[in-house]
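# Understanding the architecture of this molecule
The chain contents come next:
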Amino acid sequence: MAEPDLDEMPSRGVIDLAGLQVDTYYTVVVATAVVLLFILKAVWPSKKLAPGPRPRPFVGNLYEVKPVRFRCFMEWAEKYGPILSFWMGTTLNTVVSSAALAKEVLKDQDQFLSGRPLTRAAARFSRNGQDLIWADYGPHYVKVRKLCTLELFTHKRLEALRSVREEEVGGMVNAIYNDCQTGAGTVDVKTYLSAVAFNNITRIVFGKKFVNQDGEIDAQGKEFKAVIAEGMKLGASLKTSEHIKYLRWMFPLQEEAFARNNARRDNLTKAIMQEFATGGGDRGSDADSAGSSQHFVNALLNFQKQYDLSEVTVITLLWDMITAGMDTTAITVEWAMAELIRNPDVQRKAQEELDNVVGYERVVTEGDFRDLPYLQAVAKEALRLHPPTPLMLPHKATEDVKVGGFDIPKGSTVHVNAFAIARDPSTWKDPESFRPERFLEEDIDIKGTDFRVIPFGAGRRVCPGAQLGLVLVQIMLGRLLHHFTWSPPEGMRPEDIDLTERPGVVTFMLKPLQAVATPRLPSALYRTV
Ligand code: HEM
């Protein structure tokens, strides 16, 4: 072994200016780190956070979160357990993935975990939470939520709007039938579902149909779609900087574009409200249970004074209903149809039930639901396996709390992975298979009381539109199955239908469902509109 060259060795005890500089540098770095640690400890004294992937400086785990987030968190849960934490830049996030922990978040600690984290875009669209969806839990939220429960989503109002729903699904069947007759062959299922969801929600919320009998959209409808499309583009334009608070100044918002979009939305909504206020629209009285006058614009105009609602709240609330109610129902039915084509036995069983109960001389109506337990089970099973908002909406801790023995600091974000919970093999037998029978073998509620399956969330922030969403899904499914037999495009096997999800807050199929619809009822029943 060669001897070390003593001339090259640093000599102890000898003053070395270069060495001193290096030493000083390290001393400063270490001292800064120690001071920072002390400051952090003072702000967040000895927090016991849930385990999770090791965060990197500044960005945290931002670049490890895969685009389909609920799947990524499900994988992480296998490694770190049913409660895990990670950092999106400077924000701490906790994810729970078991029914027991969901109960802790949404029931036991609900009082302190019902805030909403606001992105800058959500803050602009909701005018800093003057709506319902993005309002923090507090007096404003409680007031608006009460209005939803006591006035908007009442059984009476939903019943009165039944004719609207049935008329629109009739239109959907008609459109599919016409396309089948003109030899369309394979159809893009989502096109029909999106159209029916659009017509239903705009009629329920705005009391207006923006599309005429020939399927042509009017000027207000075009503006409506343009406002939504522009809003989505603006919302999506926020990137990494959104998560790293101290970098936000480097990426200022397109404030003017947001303001313009809000102004377009306000003008459109005010014009529609004006039509009703001056009697041009289908106003009616709120006590009048006759169908279409029960829409939400009418209700809000009637209750605005009593609930002391600002114009901004009325407008943002109406748009909350549009954004929360439209895609969710269409997505659920698209997934359900994909499963029904992949599982022809289930499809046949649902059709046998419809044939026995409804027959071949009339169309299925919502009044038939109580006699169609298998159809109801199909809808529940679709929502179990494919909840359209798999991570629900994010919650924010408004106080320091403990969940599963771990700290959730005030201000941090909490997610409930409804997708993972509904596929948990420790609670569900054969969880990945589409088997509606499981809901007949056991009476399982899916609207927020049984934490094993919570597609609508649970607790204070449970979806107020759950019942409406469910009847919309059931009537769409009922008509699609009663009127048509569904099969994969020619040359494709049922099991080849791709069930990959598209990234996003709401989860569309990555490859929109293509299918062949074969009419199965007398032709007169396709022309009910
Ligand atoms: C299949 C259909 C639907 C599903 C699966 C669904 C699911 C959900 C979920 C998971 C949440 C979040 C719960 C939470 O944050 O804890 C939510 C919130 C909400 N949903 Fe729905 N939803 C559906 C349909 C509808 C419809 C039709 C409407 C209204 C027309 C609606 C209006 C709302 C509103 C306003 C909120 C916010 C509630 C709040 O923050 O307090 N939803 N929904």
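The protein chain goes by Cytochrome P450 in an unreviewed UniProt entry, where it is assigned to Marchantia polymorpha. Heading Subcellular location (unreviewed entry) of the UniProt record for the protein chain holds this comment: "Membrane". Quoted verbatim from the Cofactor (unreviewed entry) field of the UniProt record, the comment on the protein chain reads "heme".

### A word on the nonpolar core
The tendency in soluble globular proteins is for nonpolar side chains to be buried as a group. In terms of nonpolar packing, the biggest core is built from 96 residues, with Met172, Ile176, Phe206, Leu318, Leu477, Phe484 and Trp486 touching the most fellow members. Not counting the four nearest positions on each side in its chain, Trp486 is found in contact with Ile176, Val187, Val189, Met337, Ile341, Gln347, Leu480, Leu481, Ala515, Val516 and Ala517. Counting 22 residues, the second-largest nonpolar core is a separate cluster that includes Ile83, Val403, Ile408 and Ile421.

### A look at the UniProt feature "binding site: heme" (unreviewed entry) in the protein chain
The UniProt entry lists Cys463 under the feature "binding site: heme" (unreviewed entry), expressed in the numbering used here. With residues near it in sequence (within four places) discarded, Cys463 still touches Arg145 and Phe456.

### Examining the sheet that holds strand E4 (residues 395-396)
The strand order across the open sheet formed by 4 strands is E1-E2-E7-E4, and the pairing between neighbours is mixed. Each edge of the open sheet carries a strand with a single partner, namely strand E1 (83-88) and E4. Looking at chain direction, strand E2 (residues 91-96) and strand E7 (residues 413-416) are connected through 4 bridges and run parallel. What sits directly across from Val96, in E7, is Val416. Along the sheet face, helix H3 (residues 99-108) touches E1, E2, E4 and E7 and points at about 130 degrees away from the line of E7.

### Let's talk about the site of the ligand
Near the ligand you find 25 residues, and of these Arg116, Tyr141, Arg145, His395 and Cys463 are the closest. At a separation of 2.8 Å, an oxygen atom of the ligand approaches a polar side-chain atom of Arg116. Note that an oxygen atom of the ligand is positioned 2.4 Å from one of the side-chain N or O atoms of Tyr141. Only helix H5 (139-152) and helix H12 (311-342) provide two or more residues apiece to the shell around the ligand. The element best represented in the shell around the ligand is H12, accounting for 5 residues.

### Observations concerning the coordination of the iron atom of the ligand
Around a metal, the perfect tetrahedron of four donors has angles of 109.5 degrees, and the perfect octahedron of six donors has angles of 90 or 180 degrees. Of all protein atoms, just one serves as a donor to the iron atom of the ligand, and that atom is Cys463 (SG), at 2.3 Å. The topology assignment puts Cys463 in the loop between helix H16 (438-441) and helix H17 (466-483).

### Some thoughts on the side chain of Thr507
Note on placement: Thr507 falls in the loop between strand E8 (484-487) and strand E9 (514-519). When its relative accessible area of 3% is taken as the criterion, Thr507 is described as buried. Residues within four places of Thr507 in sequence aside, it is in contact with Phe70, Ile331, Trp335, Pro388, Pro390, Glu501 and Arg502.

### Things to note about the pattern of salt bridges
Under the criterion given, the structure shown has 32 salt bridges. The partner of Arg127 in a salt bridge is Asp266, and the shortest N-O contact between them spans 2.4 Å. A residue pair is termed long-range when its members are at least 10 positions apart, and Arg127 in the loop between helix H4 (120-125) and H5 and Asp266 in helix H10 (residues 255-277) qualify at 139 residues. Using a relative accessible area of 12% as the deciding quantity, one classes Asp266 as buried. Taken together, the salt bridges that share partners define one network made up of Glu167, Glu168, Arg203 and Lys209.

### Quick look at the packing of H5 against helix H11 (residues 296-303)
Interaxial distance between H5 and H11 falls to 11 Å at its minimum, and their mutual angle equals 115 degrees. Here H5 is positioned roughly perpendicular relative to H11, judged by the angle of their axes. In terms of crossing hand, the pair formed by H5 and H11 is right-handed. Here H5 contributes Leu147, Glu151 and Leu152 to the contact with H11, which in turn contributes Phe296, Ala299, Leu300 and Phe303. Looking at the contact of H5 with H11, its residues break down into 6 nonpolar, no polar and 1 charged.

### Some points on H11
A large share of H11 lies buried, amounting to 7 of its 8 residues. For H11, every residue scored as buried is listed here: Phe296, Val297, Asn298, Ala299, Leu300, Leu301 and Phe303.

### Looking at the pairing of E9
Here 3 bridges tie strand E3 (residues 186-188) to E9, and the two strands are oriented antiparallel to one another. The residue of E9 that forms the bridge with Asp188 is Gln514. For E8 and E9, the ladder comprises 4 bridges, and the chain directions are antiparallel. Looking across to E9, one finds that Ser487 is bridged to Val516.

### Concerning the confidence of the model for the protein chain
A residue-level look at the protein chain finds 87% of positions with pLDDT of 70 or above and a mean pLDDT of 88. A low-confidence stretch, residues 1-20 stays under pLDDT 50, and its non-local contacts, those more than four residues away or across chains, total 0 contacts. Segment residues 282-290: pLDDT under 50, and 28 contacts once partners within four positions in sequence are set aside and those in other chains are kept. Interface scoring of the predicted complex returns ipTM 0.99; its pTM is 0.89.

### Topic: the packing of aromatic side chains
Considering all chains together, one arrives at 18 aromatic pairs under this definition. Ring geometry for Phe153 and Phe296: centres 5.3 Å apart, planes at 80 degrees, overall edge-to-face. Here Phe153, found in the loop between H5 and helix H6 (155-160), pairs with Phe296, found in helix H11; they are 143 residues apart in sequence, far enough to count as distant. Note on accessibility: Phe153 and Phe296 belong to one class, buried. The interplanar angle of 65 degrees and the centroid separation of 6.0 Å between the aromatic rings of Phe206 and Trp319 together place this pair among those described as edge-to-face. With a gap of 113 residues between them, Phe206 in helix H8 (residues 189-206) and Trp319 in helix H12 connect regions that are remote in the sequence. The exposure class assigned to Phe206 is buried, which follows from its relative accessible area of 1%. When its relative accessible area of 6% is taken as the criterion, Trp319 is described as buried.

The rules behind the values
- Residues numbered from 1 in each chain as written.
- Predicted model: local features only at pLDDT ≥ 70, side-chain atom pairs only at ≥ 80, totals over all residues.
- Heavy atoms only, no water.
- UniProt positions renumbered as here; feature names shortened; annotations may be inferred.
- Core = buried A, V, L, I, M, F, W, Y, C linked by side-chain atoms within 4.5 Å.
- Buried < 20%, exposed > 50% of the residue type's maximum accessible area, 1.4 Å probe, protein only.
- Contact = heavy atoms within 4.5 Å.
- Pairing = 2+ DSSP bridges.
- Helix = DSSP H or I, 4+ residues; strand = E, 2+ residues; numbered from the N terminus.
- Axes fitted to C-alpha atoms, helices over the stretch in contact; angles between N-to-C directions.
- Near = heavy atom within 4 Å.
- Polar contact = N/O pair within 3.5 Å; in protein donor to acceptor, adjacent residues only side chain to side chain.
- Donors = N, O, S within 2.8 Å, 3.2 Å for Na, K, Ca; no water.
- Salt bridge = Lys/Arg side-chain N within 4 Å of Asp/Glu carboxyl O.
- Parallel < 35°, antiparallel > 145°, perpendicular 65-115°, else oblique.
- Left-handed = near helix turned anticlockwise from the far one by under 90°.
- Nonpolar A, V, L, I, M, F, W, Y, C, P; charged D, E, K, R; others polar.
- pLDDT = per-residue confidence, 0-100.
- Phe/Tyr/Trp six-rings, centres within 6.5 Å; stacked < 30°, edge-to-face > 60°.

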